[in-house]
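Residues per chain, in single letters:
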Amino acid sequence: MTQEHPETQLSIAEQKALSSAITEIMRPVIQSMGKLLQQNAEALERLAASQAVQNNRLEALEKQIRLQTPITTKQAQYLNDAIRNRARELLDKRELSGDKWAVTKLGNAIRKDVLARYGVAGLREIPRHEYQVAMNQIGMWSNALVIRDVVKEARERAEG
């Protein structure tokens, strides 16, 4: 059995008064901590929003750089070779692949269509990421009216 000292025991009224005093002392501290936490949360939200804006801007910049990065000189040479080969291929079906004038004229028509697709003045200005698309366009190019006109002119020149 333990013996309690009467001087260390607090009455219920004293306990309530002490509890109330501690609460009153701690309330401003807790409130200021709550405000501080709220301000920190708001600051983090603003920081996250700012980071999102920066990410969007960076993504737009990367896209712009990608769009403005032209094909290499070697790729431009490959495109020109593909254009000449496609012109020869189309003219070979009409037995005119040996006519350099016809190959050049038809090649210029193919080149013009490729350049028009990208809105550029020269093959070297085509965006690098569009290189394969341009090669596919050249490989599938077929404009019956242009081919007919070139063939007609070539035959007229051969006859005259």
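See the structure printed just above.
Residues numbered from 1 in each chain as written. Predicted model: local features only at pLDDT ≥ 70, side-chain atom pairs only at ≥ 80, totals over all residues. Heavy atoms only, no water.

**Student:** Help me understand helix 2 (residues 73–92) in this model?
**Tutor:** Side chains three or four residues apart in an α-helix point the same way, a direct result of the helix having 3.6 residues per turn. For helix 2, built from 20 residues, the straight-helix expectation of 28 Å at 1.5 Å per residue is met to within 8% by its first-to-last C-alpha distance of 28 Å. Within helix 2, the full set of buried residues consists of Q75, A76, L79, A82, I83, R86, A87, L90 and L91. Along the axis of helix 2, the buried positions cluster into a sector of 160°, meaning they face one direction only. Packed against the buried residues of helix 2 are helix 3 (100–118), helix 4 (131–140) and helix 5 (144–159). (Helix = DSSP H or I, 4+ residues; strand = E, 2+ residues; numbered from the N terminus. Expected span 1.5 Å × (residues − 1). Buried < 20%, exposed > 50% of the residue type's maximum accessible area, 1.4 Å probe, protein only. Arc of directions from axis to C-beta. Contact = heavy atoms within 4.5 Å.)

**Student:** I tried to follow a nonpolar patch on the surface on my own but got confused; where do I start?
**Tutor:** A cluster of nonpolar residues, L10, L18, I22, I25, M26, V29, I30 and M33, forms a patch on the protein surface that exposes about 750 Å² of accessible area. Assignment of secondary structure puts L18 in helix 1 (residues 12–68). By relative accessible area, which is 44% here, L18 ends up partly exposed. (Patch = residues over 30% accessible without salt bridge, like charges linked within 9 Å, V, L, I, M, F, W, Y side chains within 5 Å. Areas by Shrake-Rupley, 256 points an atom, 1.4 Å probe, with all protein chains shown as cover. Salt bridge = Lys/Arg side-chain N within 4 Å of Asp/Glu carboxyl O.)

**Student:** Could you clarify how one ought to interpret the side chain of R111 in this entry?
**Tutor:** Following the sequence through the fold, R111 ends up in helix 3. Buried within the structure, R111 lacks any salt-bridge partner; D81 is the closest side chain of opposite charge, at an N-O distance of 8.3 Å. Among all residues touching R111, those that are not within four sequence positions of it are N80, I83 and L123. (Lys, Arg positive; Asp, Glu negative; His and termini not counted.)

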